[in-house]
Amino acid sequence: MPSVQLPDFASSRVYSDEIVRRRVDACPKLASLESINRALLELLASDRSMASQIASIIRRDPSLSARLLRMVNSVYFGLAGPVHNLEEAVIVLGLRQIRELATTTPVLEELERINHAGPKGLPWRELWRHSIGTAILTREILSSAHGQSDNDTHYLVGLLHNIGKVVMASSFPEELTWLMSQSADDTATFAAEERRLIGWDHARIGAHYLRRHNLPEEIAEAVEYHNAPGRAPEHQVLAAAAQVADCLARYCGISSGFETVPPVAKDGWQELEGWRILYGTDSADFDDAHAALAHAVRDLPDLLATLL
């Protein structure tokens with residue numbers, strides 16, 4: 001990162017832990033993190049749920065309904081004709097896709113409302129796109145690497161791994177604006193600059209914020225250590241999946257828009273600590289991992305185009 005004169009607000013010291021906590025705690029709370037479409041998600045968890053029941057709940061949310069129909073009618077699904085009926089859309093998409101939409105929609109919309117008063121011109125659309133892409137890839141990585149069953153925890157870790165950036169826009173707007181004017185060799189260097197300027201990086205800020213919302217500790221811990229998964233006390237695999245998914249998303253050209261770093265080189269993710277945690281050093285495992293993830297990586301840009 002080039003040496004640039006720090007602005008006056010950051011030239012003398014970083015903030016104490018107490019001040020950082022106080023500022024983060026003052027960031028508006030997200031009701032959607034504590035009750036993400038509870039009725040719909042409970043229904044989706046039931047083996048006895050019918051498409052008509054699920055569609056009836058989705059109809060209560062115009063934004064979710066529109067997003068669902070836009071997705072099912074996209075080129076990605078390649079249907080013979082347009083779908084206008086929510087029940088049919090539910091059948092085509094399947095429960096996993098519906099659950100992801102129900103999880104994502106309220107969080108993103110509420111974050112957008114919170115940050116209308118924040119710094120202008122921030123690349124929120126790029127951040128949401130990157131977050132959703134990382135969520136999809138985190139789920140795929142854990143399924144292929146460890147055969148872990150698909151669950152909402154995996155998706156939420158990827159979706160929320162950069163929520164500290166959102167909190168920084170509210171709690172440290174000047175610092176975030178200055179950081180975005182800089183460039184770095186990689187995201188780890190950017191995180192180091194965040195710590196130099198504020199005292200905490202976005203991962204630690206995001207984890208503290210999630211704990212304040214009483215999210216499961218495994219999600220908060222994975223978010224906190226997604227840039228250094230080997231340091232995670234208990235959930236290294238979950239943090240490692242988020243790190244690799246973040247890198248793969250950037251390789252696809254899906255950056256968060258908040259960091260100016262060089263593009264990811266082909267196979268650059270194999271140099272990550274998270275890759276070694278997930279796959280060890282066996283070349284055969286590498287080949288299997290590539291084959292399992294190739295489909296998800298190839299289709300990710302088209303899928304995201306239907307969601308945002």
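Data block above holds the structure.
Note that the structure is a prediction, hence the values are computed from the model and not measured.

Participant: Sorry, what's going on with the overall build of the chain here?
Facilitator: Within the chain, the secondary structure is distributed over 17 helices and zero strands. Across the 308 residues that make up the chain, the buried fraction comes to 52%. For the chain, the exposed surface amounts to about 13800 Å²; the carbon and sulfur share of it is 49%.

Participant: Looking at this structure, how should I read the packing of helix 4 (residues 51–58) against helix 6 (residues 86–93)?
Facilitator: The description of two packed helices rests on the angle between their axes and on the distance between the axes. At their nearest, the axes of helix 4 and helix 6 sit 8 Å apart, and the two run at 115° to each other. It follows from the interaxial angle that helix 4 and helix 6 lie roughly perpendicular. In the packing of helix 4 onto helix 6, the handedness of the crossing is right-handed. Across from Ala51, Ser52, Ile54, Ala55 and Ile58 in helix 4, the residues of helix 6 making contact are Leu86, Glu87, Val90 and Ile91. Class assignment of the residues belonging to the contact of helix 4 with helix 6 gives a composition of seven nonpolar, one polar and one charged.

Participant: Looking at this model, I keep getting lost on the nonpolar core. Mind explaining?
Facilitator: In globular proteins that are soluble, nonpolar side chains generally tend to be buried together. Counting residues in each nonpolar core, the largest one holds 82 residues, and the members touching the most others are Leu68 and Ile141. In terms of residue count, the dominant contributor to this core is helix 15 (residues 236–251) (10 residues).

Participant: Just to check I follow, could you spell out helix 12 (residues 187–198) for this structure?
Facilitator: Helical geometry: 3.6 residues make up each α-helical turn, so side chains three or four residues apart lie on a common side. Between its first and last C-alpha, helix 12 extends 16 Å over 12 residues, near the 16 Å set by a 1.5 Å rise per residue. Taken together, the buried positions of helix 12 are occupied by Thr187, Phe190, Ala191, Glu193, Glu194, Leu197 and Ile198. Taken down its axis, helix 12 places every buried residue within 155° of arc, on the same side. The opening residue of helix 12, the one whose side-chain oxygen lies 3.3 Å from the backbone nitrogen of Ala188, is Asp186.

Participant: Looking at this structure, how should I read the side chain of Lys165?
Facilitator: Among the secondary structure elements, Lys165 is positioned in helix 10 (residues 163–171). According to the relative accessible area criterion, Lys165 is buried, its value standing at 2%. Side-chain polar atoms of Lys165 contact the side chain of Glu259, separated by 3.2 Å. Residues in contact with Lys165, not counting those within four places in the same chain, are Leu176, Glu194, His202, Phe258 and Glu259.

Participant: Please clarify how the pattern of salt bridges should be interpreted in this entry.
Facilitator: When the charged atoms of two side chains with opposite charge come close together, those side chains can pair. Taken as a whole and assessed by the stated rule, the structure comprises 12 salt bridges. Here Glu140 ties to Arg139 by a salt bridge, and the two come within 2.7 Å at their closest N and O atoms. Arg139 matches Glu140 in its accessibility class, with the two residues each being buried. Of the charged contacts in the structure, one is a salt bridge between Glu194 and Lys165, with a shortest N-O distance of 2.5 Å.

Participant: Explain the environment of Pro301 to me, please; I cannot follow it from the model alone.
Facilitator: Along the polypeptide, Pro301 turns up in helix 17 (residues 283–307). Sequence-wise, Pro301 and Cys252 are 49 residues apart; in three dimensions their C-alpha atoms are separated by 7.3 Å. In this structure, Pro301 is in contact with Arg129, Cys252 and Ile254, ignoring residues within four places of it in sequence.

Participant: Quick question: what am I supposed to make of the packing of aromatic side chains here?
Facilitator: We describe a pair of aromatic rings using the distance from one ring centre to the other and the angle between the two ring planes. Within this structure, the stated rule accounts for five aromatic pairs. Taking the centre distance of 5.3 Å and the plane angle of 50° together, the rings of Tyr15 and Phe172 count as tilted. One end of the pair, Tyr15, is in the segment before helix 1 (17–26); the other, Phe172, is in the loop between helix 10 and helix 11 (173–179), and 157 residues separate them in sequence. Residue Tyr15 shares its accessibility class with Phe172, and that shared class is buried. Considering the side-chain rings of Trp124 and Trp128, the 5.5 Å spacing of their centres and the 20° angle between planes classify their relative orientation as stacked. A residue pair is termed a helical-turn pair when its members lie 3 or 4 positions apart in one helix, as Trp124 and Trp128 do in helix 8 (residues 124–146) at four residues. Put simply, the rings of Trp124, Trp128 and Phe258 touch in pairs and so form one group of aromatic residues.

Participant: Looking at this model, I keep getting lost on the environment of Cys27. Mind explaining?
Facilitator: By the element assignment, Cys27 lies in the loop between helix 1 and helix 2 (31–34). A sequence separation of 142 residues divides Cys27 from Ala169, and the C-alpha atoms of the two residues are 9.4 Å apart. Look past the residues within four positions of Cys27 in its chain and what remains in contact with it is Val167, Ser170, Ser171 and Tyr209.

Participant: Is there a simple way to think about the packing of helix 10 against helix 13 (residues 202–212) in this case?
Facilitator: Axis separation between helix 10 and helix 13 bottoms out at 7 Å; the angle between their running directions is 90°. Of the possible angle classes, the one that applies to helix 10 and helix 13 is roughly perpendicular. On helix 13, the residues touching Ile163, Gly164, Lys165, Val167 and Met168 of helix 10 are His202, Ile205, Gly206, Tyr209 and Leu210. Its residues assigned to classes, the contact of helix 10 with helix 13 comprises six nonpolar, three polar and one charged.

Participant: Help me understand unusual backbone geometry in this model?
Facilitator: Here Asp267, not a glycine, exhibits a phi torsion of approximately 65°, which is positive. Following the sequence through the fold, Asp267 ends up in the loop between helix 15 and helix 16 (273–279). What makes Asp267 partly exposed here is its relative accessible area of 29%.

What counts, and where the lines are drawn
- Residues numbered from 1 in each chain as written.
- Predicted model: local features only at pLDDT ≥ 70, side-chain atom pairs only at ≥ 80, totals over all residues.
- Heavy atoms only, no water.
- Helix = DSSP H or I, 4+ residues; strand = E, 2+ residues; numbered from the N terminus.
- Buried < 20%, exposed > 50% of the residue type's maximum accessible area, 1.4 Å probe, protein only.
- Areas by Shrake-Rupley, 256 points an atom, 1.4 Å probe, with all protein chains shown as cover.
- Axes fitted to C-alpha atoms, helices over the stretch in contact; angles between N-to-C directions.
- Parallel < 35°, antiparallel > 145°, perpendicular 65-115°, else oblique.
- Left-handed = near helix turned anticlockwise from the far one by under 90°.
- Contact = heavy atoms within 4.5 Å.
- Nonpolar A, V, L, I, M, F, W, Y, C, P; charged D, E, K, R; others polar.
- Core = buried A, V, L, I, M, F, W, Y, C linked by side-chain atoms within 4.5 Å.
- Expected span 1.5 Å × (residues − 1).
- Arc of directions from axis to C-beta.
- Polar contact = N/O pair within 3.5 Å; in protein donor to acceptor, adjacent residues only side chain to side chain.
- Salt bridge = Lys/Arg side-chain N within 4 Å of Asp/Glu carboxyl O.
- Phe/Tyr/Trp six-rings, centres within 6.5 Å; stacked < 30°, edge-to-face > 60°.

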